[in-house]
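# Architecture at a glance
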Amino acid sequence: MEIKEIQITNFKGISSLELFPKKINIIVGRNNTGKTSILEAIYHTIEANFQEISQEYEPHLSNIINIEAKDSKVLLKMGSENRYLTLIKPEIKEVISEFKKDVIERLQTFTGNKPNKDVWDKALEILDKLLTEERTLSAIQNGAVIADAAGKRKILFSYTTTLFKQIEPFIEYLNKEIFDERTGHAIIRNILRHPLPHRIREDQQRRKKAILIKQLILSDRDILFSGISSDKSKLNEIQKYLQERKILTNLERFDFDTLLFKEDKREYEIPYDFIGDGLKALIGLIAQLSVEHKIILIEEPESRMHPGYMKELVRQIIDISKTHSAQFFITTHSADILDIITTDKLEPPYQEYLDKELNIVKMDILDRVIVSQELDQKQAKMELEELLLDLRGI
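Residues numbered from 1 in each chain as written. Predicted model: local features only at pLDDT ≥ 70, side-chain atom pairs only at ≥ 80, totals over all residues. Heavy atoms only, no water.

### Considering the pattern of salt bridges
According to the stated counting rule, one finds 24 salt bridges in the structure shown. Residue E312 is joined to R315 by a salt bridge in which the shortest nitrogen-to-oxygen separation is 3.2 Å. Linking E312 with R315, this pair stays in helix α13 (residues 307–324), spanning 3 residues, or about one helical turn. Assigned by exposure class, E312 and R315 land together as buried. A salt bridge links E347 to R315; the shortest N-O distance between them is 3.0 Å. Residue E347 is found in the loop between α14 (335–342) and α15 (348–357), and its partner R315 is found in helix α13; the two are separated by 32 residues along the sequence. One salt-bridge network, in which partners are shared between bridges, spans R245, E312, R315, D319 and E347. (Salt bridge = Lys/Arg side-chain N within 4 Å of Asp/Glu carboxyl O. Helix = DSSP H or I, 4+ residues; strand = E, 2+ residues; numbered from the N terminus. Buried < 20%, exposed > 50% of the residue type's maximum accessible area, 1.4 Å probe, protein only.)

### Considering the nonpolar core
If you look at the biggest cluster of nonpolar residues, it comprises 57 residues, and the most contacted ones within it are L242, F254, F256, I283, L285, F328 and I360. With 7 residues, helix α12 (residues 277–288) is the largest single contributor of residues to this core. Grouped together as the second largest cluster of nonpolar side chains are 39 residues, I3, V74, M78 and V145 included. (Core = buried A, V, L, I, M, F, W, Y, C linked by side-chain atoms within 4.5 Å.)

### So, the packing of helix α11 (residues 232–244) against α12
It is the contact of α11 with α12, at a shortest axis distance of 10 Å, that shows an interaxial angle of 135°. Between α11 and α12, the angle is such that the two are oblique. Handedness of the crossing formed by α11 with α12: right-handed. Residues K234, E237, I238, Y241 and L242 of α11 lie in contact with α12, whose contacting residues are L279, L282, I283, I286 and A287. A per-class count over the contact of α11 with α12 returns 8 nonpolar, no polar and 2 charged. (Axes fitted to C-alpha atoms, helices over the stretch in contact; angles between N-to-C directions. Parallel < 35°, antiparallel > 145°, perpendicular 65-115°, else oblique. Left-handed = near helix turned anticlockwise from the far one by under 90°. Contact = heavy atoms within 4.5 Å. Nonpolar A, V, L, I, M, F, W, Y, C, P; charged D, E, K, R; others polar.)

### Observations regarding the sheet that holds strand β12 (residues 295–299)
One key point about sheets: their strands pair by backbone hydrogen bonds, in either a parallel or an antiparallel sense. A sheet is described by the order of its strands in space; here 6 strands give the open sequence β8-β12-β13-β3-β14-β15, paired in mixed fashion. Strands at the two margins of the open sheet, each flanked by one partner only, are β8 (210–213) and β15 (369–375). Taken pair by pair, the neighbouring strands of this sheet meet at an average axis angle of 15°, ignoring direction. Across 5 bridges, β12 lies against strand β13 (residues 327–331) in parallel orientation. Each bridged residue has a counterpart across the sheet, and for I296 the counterpart in β13 is F328. (Pairing = 2+ DSSP bridges.)

### Some details on the environment of N116
With respect to the secondary-structure elements, N116 resides in the loop between α3 (92–111) and α4 (117–130). As a C-alpha pair, N116 and E374 span 258 residues in sequence and 62 Å in three-dimensional space.

### Thoughts on the packing of aromatic side chains
The description of an aromatic ring pair rests on the distance of the ring centres and on the angle between the ring planes. The final tally for this structure, using the stated rule, is 7 aromatic pairs. Measuring from ring centre to ring centre gives 5.1 Å for F256 and Y272, while their planes differ by 70°; the resulting arrangement is edge-to-face. Placement of the pair is F256 in the loop between β9 (251–254) and β10 (258–263) and Y272 in the loop between β11 (266–271) and α12, with a sequence separation of 16 residues. Each member of the pair, F256 as well as Y272, carries the same accessibility label: buried. Just above the ring of F225 sits the side chain of R221; from NZ or CZ to the centre is 4.9 Å. (Phe/Tyr/Trp six-rings, centres within 6.5 Å; stacked < 30°, edge-to-face > 60°. Lys NZ or Arg CZ within 6 Å of the ring centre and 35° of its normal.)

### A word on the packing of α4 against helix α7 (residues 168–177)
To describe two helices that pack against each other, one gives the angle between their axes and the distance between the axes. As a packed pair, α4 and α7 sit with axes 9 Å apart at the nearest point and diverge in direction by 165°. By the angle between their directions, the pair α4 and α7 is classed as roughly antiparallel. α4 and α7 meet at a crossing whose hand is right-handed. Residues D118, V119, K122, A123, I126, L127 and L130 of α4 form the contact with α7, whose own contacting residues are P169, F170, Y173, L174 and E177. When its residues are assigned to classes, the contact of α4 with α7 shows 9 nonpolar, no polar and 3 charged.

Keep in mind these values describe shape, not function.
Written out as structure tokens, the structure reads:
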């Protein structure tokens, strides 16, 4: 799985963009030039997970589509395995019945069989009446998008403040008859805005071809709920990496609680929390990846990282790309990373790989339109000073 061409139309701030990526794609540019939007467009097109799309952009789903357009399309050309994602602003007649189904499914999943039939019938009667009012329909329509990808099509709804205001009588009745009147309004809003538990479980069981990493350093919560702290094969993988690269001298055992060291026959432990953020970022990349991930998207990996670790991070990315035939898309504001990949600071095998597989995408805004320029390593060296000026925001 390798993306050969990317076409993005009306996705967020990008009105039209065409890219021809290689194995290692570094996206640079000033703020608000569409760097993160490229990562999101690629990820959601490959995964085609409407639940994730809804969760990520709630309550501003309709803003995924460029404000001046009625639809958005992303096309990834991958040989015989092309992928697309189309997002469309729906007509009013398309949303009424689907919105009602969405509301009922969310509330009944949460409440189970607690409310009796009379209560539900009355609640739906109130909702049906509200769905005849123009302001309610307009609020639903303005926050909804039709998502079409991988042979699937679904209307996604945004539960905005405006929409909650229009369906307030419905919420008020449920609050009175089913929920605690002191906290019910907040509970109902949370139910409607957050993903259903069974869909979260389904998402967690899906094997993903792509991964979007917005934070390399794993939080305590990430470690706890991902189950990675008890995954022996992953812990062994991290330990082997740290030992073979001689990143931690005398390391005997790694886990996310303590690290065991042995020096001159003397053993001692260091809490995982005591190691530096740069090292945690290197560990976080290994921890979050699996062999299924063929498209790896990383947002600003340099956060709180020493330049020495940045060089190791670049080596690590190249090794993963070569070993697993993985394709990387990385946004960065780091002059150090740009310097490492465009000069001769890496060993010959890494340098040779970048000579062939490095693509630098320079993002900019001209006349309020997002544009891009693609540079190979030789071209990037010639324009290095200008690229560095962009990174500094000058």
